[in-house]
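One letter stands for each residue in the lines below.
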Amino acid sequence: MSGPSTYVPGSAFERWLDQRLPIMRLAHDSFLAFPTPRNLNYWYTFGGILSFALVVQIVTGIVLAMHYVPSISGAFASVQRIERDVPFGWLVQNIHSVGASMFFLAVYIHMLRGLYYGSYKAPREILWILGVVIYLLMMATAFMGYVLPWGQMSFWGATVITNLFSAIPVVGDPIKLWLLGGFATDNATLNRFFSLHYLLPFMIFGVVVLHIWALHVPGNNNPLGVDVKSPADTVPFHPYYTVKDAFAMAVFVLLFAAFVFYAPDSLGHPDNLIPANPLVTPAEIVPEWYLLPFYAILRAIPDKLGGVLAMFGSIGVLFILPWLDTSKVRSMRFRPLARWGFVLFVGVCLALGWCGGQLPDKAVYQSGRYVQTFEYRTAAGAIATGAISARTSAELERRAHAEEARIGAAMITMHASVAPFQIKVVQLSQMLTLYYFGFFLLLLPILGLIERPGRVPDTIAKAVLKDAATAERSA
Amino acid sequence: MRRGMLLILAAFCCSLAAPALAASEARHPHPQAWSFAKPLGTFDQASVQRGYQVYEEVCSACHSLSALSYRNLGDKGGPFAAYRAKNHETGAEEVRIGPSAHGGKFISPNDNPAVKAIAAKFDVSEIDGTTGDIVQRPARPADRFASPFVNEAAARAANGGAYPPDLSVITRARHGGADYIYALLTGYGEAPPPGVEEVPGKHYNPYFRGGWVAMAPQLTPDRVSFTDGSPSTPDQMARDVASFLEWAGDPKAELRKKMGVAVLGYLLALTLLLFFAYRQIWRGEKH
Amino acid sequence: MTESAANTHAEGIGSAAEPTRRDFIFIATSATAAVGVAAVAWPLIDQMNPAADTLALASTEIGLDAIELGQESTVLWRGKPVFIRHRTPEEIALAKRDDSLSASMRDPALDADRIRQANGDAGKEEWLVLQASCTHLGCVPTFAAGDYGGWFCPCHGSHYDTAGRIRRGPAPLNLLLAPYVFLSDTVIKIG
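Residues numbered from 1 in each chain as written. Chains lettered and ligands numbered in written order. Predicted model: local features only at pLDDT ≥ 70, side-chain atom pairs only at ≥ 80, totals over all residues. Heavy atoms only, no water.

Asks: Help me out: how do you make sense of the sheet that holds strand β8 (residues 166-168) of chain C in this one?
Replies: The strands making up a sheet associate through backbone hydrogen bonding, with each pair oriented either parallel or antiparallel. Residue and element names in this part refer to chain C. Ordered by their spatial adjacency, 4 strands build an open sheet running β5-β6-β7-β8, and the pairing between neighbours is antiparallel. Looking along the sheet, the strands with just one partner apiece sit at the ends: β5 (142-143) and β8. Bridge count for strand β6 (residues 149-153) against strand β7 (residues 158-161) is 3 bridges, and the pairing is antiparallel. Across the sheet, residue C153 finds its bridge partner in β7, namely S158. (Pairing = 2+ DSSP bridges. Helix = DSSP H or I, 4+ residues; strand = E, 2+ residues; numbered from the N terminus.)

As structure tokens, then:
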């Protein structure tokens, strides 16, 4: 696609085919001879890993659909039947459920890599936007897939997420009704989610094809962020990057298999092994780990519509990222300030993930204790004053009862208890959310104008040769 | 910078492994020394078999086990798996059942005498092919475990409004798994802390969320007389039934762990080979 | 990519110092990967085989008490119908009489062969246990129709006698025996 084709048909049949359907030429030019920067590091192997993860999910998903029963009376039991009775069903089911997490782990690394090396900048804006579309489709697919086992988390997850749409003014409630196909999450919901969960991965596959197409027009970005200028900057994709991708993929599959065989339940929530019950909400509703940061952003905003807008905005901002970053330098390797902004951004995302898994009122920081003063009547009939303190309000209440038992009298006047200074999970989430948006909307536009970037090498080949020479000298 | 990126990745993996859960108000169960807890651990079949006896004689009065069929008891790796083998002393063919049975010819659970006898103790309903009436017949190995109640409403009505949960995957559906089951069953008898209001008709148990559970203490001494002569203490019964429920919730666990060794070994070899191939191909190529 | 650059790379690979060791690594790696792919294929294929709960229903026990002389009961076994026929002395006599013609039948069999149990023991003359699918294209034949006193398949006109032997019509084989054994005088197990 870049440069003239180097394909030479090897046989009469290939020549014949090449004149009618140049599919071998396409494969040769795209995946064998494709000139690829010679300095791609292991962060660049996640594209291949993600293609692999998508194929694994599609293949295991097709198998599961052969045994799964999409009805509210049969879904939970059919998953149990897959695990217990279907030959190798337990294996396929574990791969599919663990695979979802692995898919997201890989996509987050892939996205952060693109962010760090500036892979969204011209001429790769469409490539980046297609990636964000894939990510959105992945989230929708994962969410609907999580509903299918019809456990407690499935049911209440579906209820909570569809309720998000009711925040939209005027049309919100009709949209929710339309999504659910009823007045509540029910059989109709489960059936349509199953249908869409089967469909969306193939749409993902289609967008992946576009994504790779868009990649092959300008070619790969690279850790230096400089354009390819001469053939010395590149190596053919095969065998150099086929083998590197294969090695990285094998390491990834090792981690994948460790979860499948030794901790298949550890990435899910125990409550999803309780059959769905519309009468009882679980004590804590949390999404799967990969959606927790967005859940934290949702809860950080005290207003229903505002929370929903912030959550969708956190993904929406990725679409305009190519035009927010004003820096001429692609790779953050040469951007001393943006680099630290990025490290902080990764930390903020992880912290948001943590917040999403906690109860919003939990204190993350506290200075001082809860104090309560009270008056009581002593055995002699006099009025005395006492005080107790505790680290939590629940403990304070227990202390109060213990104190009553100790002094052998009831408290006659309870003064309002004094709460210590606290930062709660919800407040922490608000600060983190502020940085999340600030990074994209303020930091990147401003830094590009004021930052003094380091010296960017002229060509990949030069930089690589210099690095190698330095390494040799120091050795 | 590269090190920084690796640290981020490590933190990412840690955040993966840490279960995302909020604080729970129940007391945390103390971890027990289960034979199956280790990465390559197996079930103690004698304990699983005794645990089945506890389930049958105590739990099954209220709790269903709907994902299991009687035949599962006689599956390979199940507590009543049967093998036909030659007795080394007498030379006669004999059927060995349960923990001591290994080697010989595996007997299909449908023909397993122990499983057939267990199934026959329970009645299941069936539609009579000629009259259309619902009739009761003794269960067969292929039948699902009989439920103590016809539906949830009946179960609630018989239990003061509380629903005795199905136990098929109970160890995977609760934080703490088998430790939780053991702790709950042996955790009665403590006085509630001062200030905790008593709930009429419920029983205090610090391991249960909220502290008040509808189930009365069940495993009183000598509630079950074990066929293998084990002492019928509450501790023993709780331990055994937790073992049984762990097996019932994940009967493929032993197979899974064994297969995992082979798969991880293979992947390790492939990874090494790919690494050497990678080094060979990139030899002399600056990058 | 230009021709010369491609050549440089090709040489770079081809002119490595230890060709034998290098080839060994590539062959070993490809072979190991191929074994892995084959091993992954098996679970994906095997999952379509009957599941354990389906297999558990592969055998079924049936009481014969309720089937009166001259009647037949059609039961489901492995999702398909099976005839359990309580034959009258006349039907048995008719079947035995035609034993002498068996050599000329399309699928030669004696009446004694038609009541044999799955374990090879002789069955009982009055009980005939047959898979109720015409061996032509799988329709269910009806009794007391056709020219030989036995079953007649309405789809394409195959005639079976009172031992379920094919006598006329397109079917190639006798009605298949269902694999059954007597567990007691009045209970049989099919499968």
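Back to the text.
Asks: How do you make sense of the interface of chain A and chain B when you look at a structure like this?
Replies: How large an interface is tends to be reported as the accessible area lost when its parts come together. Taken together, the contact between chain A and chain B spans 60 residues of the former and 56 residues of the latter. Regarding the contact of chain A and chain B, the summed buried area is about 5500 Å², with carbon and sulfur atoms giving 71% of it. The three residues of chain A that bury the most area against chain B are R84, F261 and Y262 of chain A, which together make up 14% of that side's buried surface. Where chain A touches chain B, the interface holds 5 salt bridges. Of the charged contacts in the structure, one is a salt bridge between R172 of chain B and E83 of chain A, with a shortest N-O distance of 3.0 Å. Taken together, the connections running from chain A to chain B amount to 12 residue pairs in polar contact (both at pLDDT 80 or more). Looking at the side of chain A that touches chain B, the elements with two or more residues in it are α4 (75-84), α5 (89-116), α10 (237-262), α14 (336-356) and α17 (460-474) of chain A. (Contact = heavy atoms within 4.5 Å. Buried area = accessible area lost by both parts, 1.4 Å probe. Salt bridge = Lys/Arg side-chain N within 4 Å of Asp/Glu carboxyl O. Polar contact = N/O pair within 3.5 Å; in protein donor to acceptor, adjacent residues only side chain to side chain.)

Asks: Please clarify how the nonpolar core should be interpreted in this entry.
Replies: In globular proteins that are soluble, nonpolar side chains generally tend to be buried together. Residues and elements named next belong to chain A. Judged by nonpolar contacts, the single largest core of 123 residues is most densely connected at F104, Y108, L115 and F440. No other element matches the 17 residues that α5 contributes to this core. When neighbours within four sequence positions are excluded, L115 is seen to be in contact with Y120, W128, L321, M332, F342, F345, F439 and F440. (Core = buried A, V, L, I, M, F, W, Y, C linked by side-chain atoms within 4.5 Å. Buried < 20%, exposed > 50% of the residue type's maximum accessible area, 1.4 Å probe, protein only.)

Asks: Honestly, a nonpolar patch on the surface in this entry has me stumped. Any pointers?
Replies: Judged by side-chain polarity, I320, W323, L441, L442, I446, L449 and I450 of chain A come together as a nonpolar surface patch covering roughly 760 Å² of accessible area. Counting residues per element, the nonpolar patch draws most heavily on helix α16 (residues 425-450) of chain A, at 5 residues. (Patch = residues over 30% accessible without salt bridge, like charges linked within 9 Å, V, L, I, M, F, W, Y side chains within 5 Å. Areas by Shrake-Rupley, 256 points an atom, 1.4 Å probe, with all protein chains shown as cover.)

Asks: Where do I start with the interface of chain C and chain A in this structure?
Replies: Across the contact, 17 residues belong to chain C and 20 residues belong to chain A. Overall, the association of chain C and chain A removes approximately 1600 Å² of surface from exposure, summing both partners, and the carbon and sulfur fraction of that is 68%. Where chain C touches chain A, the interface holds 1 salt bridge. Of the charged contacts in the structure, one is a salt bridge between D53 of chain C and R81 of chain A, with a shortest N-O distance of 2.6 Å. In this structure, the connection of chain C to chain A is made through 3 residue pairs in polar contact (both at pLDDT 80 or more).

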